[in-house]
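Summary of structural features
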Amino acid sequence: MSKALPADTRLLEHTGITMPIICGAMYPCSNPELVAAASESGGIGIVQPISLTYVHGHNFREGLRYIRRLTDKPVGMNALIEQSTKRYHERMQQWIDIALEEGVRFFVTSLGKPGWVVEKVHAVGGIVYHDTTNRKFAEKGLEGGVDGLICVNNRAGGHAGQNSAAELYEELVDLEVPLICAGGISTSREYQQVMELGYAGVQMGTAFIASTECNASAEYKQAIVDSQESDIVLSERITGVPVSVIRTSTIDRMGTQPGPLARWLLKGNKTKHLMRMLYAMRSIVQLKKSLLDKTGTRDFWQAGKSVAGVDQVKSVADIMRAMVSP
Ligand SMILES: Cc1cc2nc3c(=O)[nH]c(=O)nc-3n(C[C@H](O)[C@H](O)[C@H](O)COP(=O)(O)O)c2cc1C
């Protein structure tokens, strides 16, 4: 395998990009400049709609047009499609329609059943990849007609999976769609290792927070540079399921486990969605405040175990170049 080109070139063909690197959607870190820089550098940046609108203050369509002015290369959009409320579902439908009108042709769906997204996107010749942590969710995505799978492993930032990159590859390789490795990659060695397993590309998040183009505060970026793998803990108090965060004074104060009432509500089939929504609503506000805080006192910061390989803040182009050409 050439160091720059994967053996499986389907991600490159599906997206029209030259480097098999996706800058994953990140709430609240996906500012438009970061998304555009990832695409401009040869990979593909993924828009996170709530981040674009609520955190970074853009009208959704205008935000996409702003990204378009920064790069004419392909960009993607993340559609978190868990049907939490009717209003959110309608909003997501609108965002997808607008993205398609504005020329976005690559979508990454998370949670839920992606069939309705696939229908809209395939109708105009676009492509949908689905986030998965295991075989069951992968099959659910494929039933909906998705074109590829983002395989979220146990070292990922955001909602981590349970299996290693190698285990997940083995579990899913016979499904015959392109597999993208998400989680734990911030050095060229890690990149080469997963590409040699047979992955068609990688999705990275944490490493891109420590980039010059990310709007995160200098303190957040420095915490990523300074942290080791052992500083990353899983908190269930952010969305009700484990999310990777840097262990800071805020996390120590909050704790990582739900309280007794929340735990009880999270167990019930009907109440778990309500509880997760309550957690998410609170976290959306807190994470936004921490991202933009310039005093360094709000240290509520998400990151994955790939912090270990991040030793300085660099441009997105330099981060990507370092991956494919050690
Ligand atoms: C701060 C942060 C926020 C994230 N938010 C989202 C999100 O909103 N939607 C999503 O699908 N994935 C989200 N992710 C997951 C990333 O898109 C990506 O899969 C993951 O970061 C890869 O692991 P890495 O951080 O080890 O590179 C997030 C990750 C991080 C670090």
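Structural notes, computed from the coordinates. From a predicted model like this one, the values you see are computed outputs, not experimental measurements. (Residues numbered from 1 in each chain as written. Predicted model: local features only at pLDDT ≥ 70, side-chain atom pairs only at ≥ 80, totals over all residues. Heavy atoms only, no water.)

Quick look at the site of the ligand
As a reminder of what qualifies: A molecule or strand has a residue near it when one of that residue's heavy atoms lies within 4 Å. The definition of a polar contact used here is a pair of N or O atoms within 3.5 Å, where within protein one atom must be able to donate a hydrogen and the other to accept one, and adjacent residues in sequence count solely through side-chain atom pairs. A 1.4 Å probe and the Shrake-Rupley method give the accessible areas. Residues count as covered only by the protein chains that appear here. Runs of E in the DSSP output that reach at least two residues are strands. Runs of H or I that reach at least four are helices, and both are numbered from the N terminus.
Around the ligand sit 24 residues, and of these Ala25, Gly184, Gln203, Gly205 and Thr206 come closest. In the environment of the ligand, a nitrogen atom lies 3.0 Å from a nitrogen or oxygen atom belonging to the backbone of Tyr27. Taking Gly205, its main chain carries an N or O atom lying 2.8 Å from an oxygen atom of the ligand. Notes on the ligand: free accessible area 600 Å², of which the protein chains cover 93%. Contributions of two or more residues to the shell around the ligand are made by strand S9 (201-204) and helix H10 (206-209).

What to know about the packing of aromatic side chains
Selection rule: In this scheme Phe, Tyr and Trp rings, the latter by its six-membered ring, pair at centre separations within 6.5 Å, and the angle between planes marks the pair as stacked below 30 degrees, edge-to-face above 60, and tilted otherwise. For each residue, the accessible area found with a 1.4 Å probe, counting protein chains only, is set against the maximum for its type, and the residue is called buried under 20%, exposed over 50%, and partly exposed in between. Ring-over charges, as used throughout, are those where CZ of Arg or NZ of Lys falls within 6 Å of the ring centre and within 35 degrees of the ring normal.
Applying the stated criterion across every chain, the model contains four aromatic pairs. Ring plane angle 45° and centroid distance 5.8 Å describe the contact between Phe60 and Trp95, whose orientation is recorded as tilted. With Phe60 in helix H4 (residues 60-70) and Trp95 in helix H5 (residues 86-101), this pair connects stretches of sequence that are 35 residues apart. Across the pair, Trp95 and Phe60 agree in class, each one buried. When the ring of Phe106 is compared with that of Tyr129, the centres are 5.0 Å apart and the planes differ by 70°; the resulting orientation is edge-to-face. Taken as a pair, Phe106 in strand S4 (residues 106-110) and Tyr129 in strand S5 (residues 127-132) lie far apart in primary sequence, 23 residues in all. Each member of the pair, Phe106 as well as Tyr129, is classed as buried. In this structure, Lys288 is placed above the aromatic ring of Tyr54, and the distance from its NZ or CZ to the ring centre is 4.2 Å.

Let's talk about the nonpolar core
How we decide: Throughout this description, the term nonpolar core refers to a set of buried Ala, Val, Leu, Ile, Met, Phe, Trp, Tyr and Cys residues connected via side-chain atoms within 4.5 Å.
Counting residues in hydrophobic clusters, the biggest one holds 82 residues, and the most contacted among them are Ile21, Met77 and Phe208. Residues Leu12, Ile127, Ile150 and Ile180 belong to the second largest nonpolar core, which totals 16 residues.

As for the side chain of Ser211
Defined as follows: We call two residues contacting when some pair of their heavy atoms lies within 4.5 Å.
Examined against the element boundaries, Ser211 turns out to sit in the loop between H10 and helix H11 (218-226). The class of Ser211 is buried, set by a relative accessible area of 0%. Excluding residues that lie within four positions of it along the chain, Ser211 makes contacts with Leu34, Lys221, Val313, Lys314, Val316 and Ile319.

Here we look at the state of the cysteines
What we call a disulfide is simply a covalent bond connecting the sulfur atoms of a pair of cysteines. Inclusion rule: The definition used for a disulfide is geometric: two cysteine sulfur atoms within 2.5 Å.
All told, the structure shown has zero disulfides when counted by the stated rule. The thiol of Cys23 is not disulfide-bonded; the next cysteine sulfur, from Cys214, is found 8.3 Å away. With no disulfide of its own, Cys181 has Cys151 as its nearest cysteine by sulfur position, at a separation of 7.4 Å. Cys181 sits in the buried class, given a relative accessible area of 0%.

Looking at unusual backbone geometry
Cis geometry marks the peptide bond from Tyr27 to Pro28; its omega dihedral reads 5°. Checked against the element boundaries, Pro28 lands in the loop between strand S1 (21-23) and helix H2 (32-40). If you check the backbone angles, Leu111 has positive phi at about 60° while not being a glycine. For Leu111, a relative accessible area of 43% corresponds to the partly exposed category. In this model, Glu176 sits at a positive phi of 65°, which is unusual for a non-glycine residue. Topologically, Glu176 is positioned in the loop between helix H8 (165-172) and strand S8 (179-182).

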